[in-house]
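Listed below, chain by chain, are the residues.
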Amino acid sequence: MVEIGSSSSSDSGSNVKRRPSSSNAFKEGSSLKMPDRVSTTGADWQLDMIPSSEGNTPGYELANNPLEAAAAALSAQGPRTMHKYSSSSGSTENLVEKESPGALNEKQGSAGNGPASNVYVEEHELVFNPHEHDNARTRENTGQPDSEEFDTEEYQRLFEASRLNWRDPPMNKYRIIACCIWTFTAGLSDAAPGALIPTMEEYYKISYAVVSMIWMSCAIGYIIVALSTPLIGRVVPKHYMTSVGIVFQILAYAIISTGTKFIGICVAFFSNGMGLALGLTQYNVFLSSFTNASTCLALMHGFYGVGALVAPLIAQSMLNKGYSWNRYYFILLGFSIFNFFNVYITYRNTPTDLAKYEEADAHRIEMEQLQIQHEKGDSYRKTSDFLDSIRDYRTWLLCGFVFFYQGGEVSLGGWMVTFLLDERHGDPSATGYVASGYWGGLTLGRFILTTYMHAHLGGRRSILVLTETIAALVLISWLVPNLYVSAVCGAISGVFIGPIYPLMIALVSHPKILPRKILTQSLLIMTSMGSSGGAILPLVVGLISDHTGTWVLFPIVLILFHLMILCWLLLPNVENTTGQSFWRKYIW
């Protein structure tokens, strides 16, 4: 390091102070690498250009003409701040050196001659450390700032700038409405089979296990979309993704409404699964970007519950009046055609309307990537969003959470009517309405409990409380052999099942759980796995029921919700800011 300042020293010649170098660490056979450049008061020097420097050491010796070398480096840098020290008072003042290179050389040359020289050079040991954490510790000890340090304030500013609101641009309010109508249609689609299954069994002369293949076909559609998203994203712009999904739904409902052979019905449910996967993922990501994400998500999934509430009522009424089960899907076909035009019109201008939000979001993603690159160092390799998401353990924990959640939710709603008919000997003309009570409770819970519990307990604790309440109601429905007790407790359980999904979506959009770069892809994989659970697990219930009876429904649902909680507890507890105990850090 070269320091220039006033000195009362009367040493003759150039004042060079030397400290021992670290040559021994870089002798032959050492695994450490020699640095190419060293820094002397801000000027970078090639080692082979420093007079009398040793070729195998990070230290250097300014033995010959150190002042001329220093002056040449300083003049090449242009104006710079110098410090003039007073030996009597110890005070300092900043001066700006603006002399030409020749004047500076002349000044430095005259300063180096004679005992009154006020310029001296001090040599320090240059420590080369190949380990980044040691370098960070050195910077901390010397008070030097880390240029790679993550700027938390800037990240928070970008995070807030990327949050949407329903007033700006004004079209956002219509986009939310279009989203709610779409999810209402999805609820009409998902909840209808619970009331239609007994009639479908008679229509096709098939068993529980075979009719459950409609859910399996839907799950395969979800999985195909999850695996092919990178390809779809290259072909279809993001703001048209939901419209493409609705086309798959239109195709599905057109086939089902014909009442064709059962293999054709399975193909149609496969197409329906692809459409639901594309739409549900895009809407979850879109609404989780709003400032009041929990409220928007509660509204969206609440309308899903409204659709699921009225679906069994409509289906049961049509069956009671003598209509064939497949006629119900004409209603869904009409809604889907309306949704296509509605969604296309409201979302076609999002690239221009939301440009400033997208820009802030892109900068936030860039900051996250730079931080990851800084932490990993040389081991960092840039990969696609899809690969990043499937390598992140949090994606798979969320997949497990939603897999068990939707498996329990759909199994309970889909097989509750059959359970009441077989095990509690209910009236076939009235028992179908219990499914409406269940989905109605789910809707009520999403509208009333989601925002309230999120504000007072937070997402993590709310889901714990809701799950244990569900467990108590399921136990009562199973263990008390009474039709009305089982029906009422089963329906009320929907109130507490409903808020879990929107609470989960609102919390996992936190960057400490899912970084923004992989949020969309992770949510798509999570949604696909969840819908797989909503298809595979009701199928499992049907297969087991064929051999043991439908009483297995409630113990299976009880197990599923506790497996869901296990996945939830393994996620980072981002809401804990104070507690250090095991309970506060990992549970509550």
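Computed from a predicted model, the values in this text were never measured in an experiment.

Digging into the overall build of the protein
Phase 1: Scanning the protein from terminus to terminus reveals 22 helices and six strands.
Phase 2: Within the protein, the fraction of its 588 residues that count as buried is 51%.
Phase 3: Contacts spanning at least 24 positions in sequence make up 79% of the contacts within the protein whose residues lie at least 6 apart.
Phase 4: Working note: accessible area of the protein is about 27500 Å², and carbon and sulfur atoms make up 60% of it.

A word on a nonpolar patch on the surface
Phase 1: A cluster of nonpolar side chains, contributed by L299, L444, F447 and I448, occupies part of the molecular surface with about 350 Å² of accessible area.
Phase 2: Among the elements that line the nonpolar patch, the one with the most residues is helix α16 (residues 428-456), at three residues.
Phase 3: Within the secondary structure, F447 is located in helix α16.

Quick word on the confidence of the model for the protein
Phase 1: The predicted model of the protein has a mean per-residue pLDDT of 74, with 70% of residues at 70 or higher.
Phase 2: Scored below 50 in pLDDT, residues 1-64 shows 131 contacts in the model against residues more than four places distant or in partner chains.

Quick notes on the packing of aromatic side chains
Phase 1: Applying the stated criterion across every chain, the model contains 22 aromatic pairs.
Phase 2: Taken together through their ring pairs, the aromatic side chains of Y203, Y204, Y253, F262, F269, W325, Y328 and Y329 make up a single cluster.

Concerning the packing of helix α15 (residues 393-422) against helix α21 (residues 553-569)
Phase 1: Interhelical geometry of α15 versus α21 gives an angle of 160° and a closest axis separation of 8 Å. It follows from the interaxial angle that α15 and α21 lie roughly antiparallel. The handedness of the crossing between α15 and α21 comes out as left-handed.

Here's the deal with unusual backbone geometry
Phase 1: If you check the backbone angles, K205 has positive phi at about 55° while not being a glycine.
Phase 2: Structurally, K205 can be placed in the loop between α5 (171-204) and α6 (208-211).
Phase 3: Exposure remark for K205: the relative accessible area of 72% places this residue in the exposed category.

Some details on the pattern of salt bridges
Phase 1: Evaluated as defined, the whole model comprises two salt bridges.
Phase 2: As a salt-bridge pair, R446 and E409 come within 3.5 Å of each other at their nearest N and O atoms. One end of the pair, R446, is in helix α16; the other, E409, is in helix α15, with 37 residues separating them in the sequence. Residues R446 and E409 agree in their burial class; the two are buried.

Describing the environment of V574
Phase 1: Topologically, V574 is positioned in the loop between α21 and α22 (582-587).
Phase 2: As for V574 and K512, which are separated by 62 residues in sequence, their C-alpha atoms are 6.9 Å apart.
Phase 3: Beyond its immediate stretch of four places on either side in the chain, V574 contacts L507, H510, K512 and I513.

Points about helix α18 (residues 483-497)
Phase 1: Along its 15 residues, α18 runs 21 Å from first to last C-alpha, staying within 8% of the 21 Å computed at 1.5 Å per residue.
Phase 2: Lining the buried residues of α18 we find α15, α16, α17 (459-479), α19 (500-508) and α21.
Phase 3: You can read the cap of α18 off the contacts: a side-chain oxygen lies 2.9 Å from the backbone nitrogen of Y484, and it is on N482.

Regarding the state of the cysteines
Phase 1: Evaluated as defined, the whole model comprises zero disulfides.
Phase 2: Here C180 stays free of any disulfide, with the sulfur of C179 as its closest cysteine sulfur at 5.3 Å.

Things to note about the environment of L523
Phase 1: Note that L523 resides in helix α20 (residues 516-548).
Phase 2: Given a relative accessible area of 2%, L523 falls into the buried group.
Phase 3: Once the C-alpha coordinates of L523 and T281 are considered, the two residues, 242 residues apart in sequence, prove to be 6.2 Å apart.
Phase 4: Those residues within four positions of L523 in sequence are excluded, and the remaining contacts are T281, N284, V285, I505 and V508.

Focus: the side chain of T550
Phase 1: With respect to the helices and strands, T550 occurs in the loop between α20 and α21.
Phase 2: Apart from residues lying up to four places away in sequence, T550 is in contact with Y208, T418, F419, D422, E423 and S545.

With respect to the nonpolar core
Phase 1: Of all hydrophobic cores here, the largest spans 127 residues; its most connected members are Y328, Y329 and M504.
Phase 2: At 15 residues, the largest contribution of residues to this core is made by α5.

Focus on helix α9 (residues 262-288)
Phase 1: Along its 27 residues, α9 runs 38 Å from first to last C-alpha, staying within 8% of the 39 Å computed at 1.5 Å per residue.
Phase 2: When you tally the buried positions in α9, you get 24 out of 27 residues, the bulk of the element.

Focus on the packing of α5 against helix α11 (residues 328-347)
Phase 1: As a packed pair, α5 and α11 sit with axes 10 Å apart at the nearest point and diverge in direction by 160°. When the axis of α5 is compared with that of α11, the two are roughly antiparallel. Handedness of the crossing formed by α5 with α11: left-handed.
Phase 2: When its residues are assigned to classes, the contact of α5 with α11 shows 18 nonpolar, six polar and one charged.

Some thoughts on the side chain of Q249
Phase 1: Structurally, Q249 is set in helix α8 (residues 241-256).
Phase 2: Only 3.0 Å separates the side chain of Q249 from the side chain of W182, close enough to count as a polar contact.

Brief notes about the environment of I476
Phase 1: In this fold, I476 is placed in helix α17.
Phase 2: Take I476: its relative accessible area is 35%, and that puts it in the partly exposed class.
Phase 3: The sequence separation of I476 and C489 amounts to 13 residues, and the corresponding C-alpha distance is 7.1 Å.
Phase 4: Apart from residues lying up to four places away in sequence, I476 is in contact with V485 and C489.

Criteria and thresholds
- Residues numbered from 1 in each chain as written.
- Predicted model: local features only at pLDDT ≥ 70, side-chain atom pairs only at ≥ 80, totals over all residues.
- Heavy atoms only, no water.
- Helix = DSSP H or I, 4+ residues; strand = E, 2+ residues; numbered from the N terminus.
- Buried < 20%, exposed > 50% of the residue type's maximum accessible area, 1.4 Å probe, protein only.
- Contact = heavy atoms within 4.5 Å.
- Areas by Shrake-Rupley, 256 points an atom, 1.4 Å probe, with all protein chains shown as cover.
- Patch = residues over 30% accessible without salt bridge, like charges linked within 9 Å, V, L, I, M, F, W, Y side chains within 5 Å.
- Salt bridge = Lys/Arg side-chain N within 4 Å of Asp/Glu carboxyl O.
- pLDDT = per-residue confidence, 0-100.
- Phe/Tyr/Trp six-rings, centres within 6.5 Å; stacked < 30°, edge-to-face > 60°.
- Axes fitted to C-alpha atoms, helices over the stretch in contact; angles between N-to-C directions.
- Parallel < 35°, antiparallel > 145°, perpendicular 65-115°, else oblique.
- Left-handed = near helix turned anticlockwise from the far one by under 90°.
- Expected span 1.5 Å × (residues − 1).
- Polar contact = N/O pair within 3.5 Å; in protein donor to acceptor, adjacent residues only side chain to side chain.
- Disulfide = S-S within 2.5 Å.
- Core = buried A, V, L, I, M, F, W, Y, C linked by side-chain atoms within 4.5 Å.
- Nonpolar A, V, L, I, M, F, W, Y, C, P; charged D, E, K, R; others polar.

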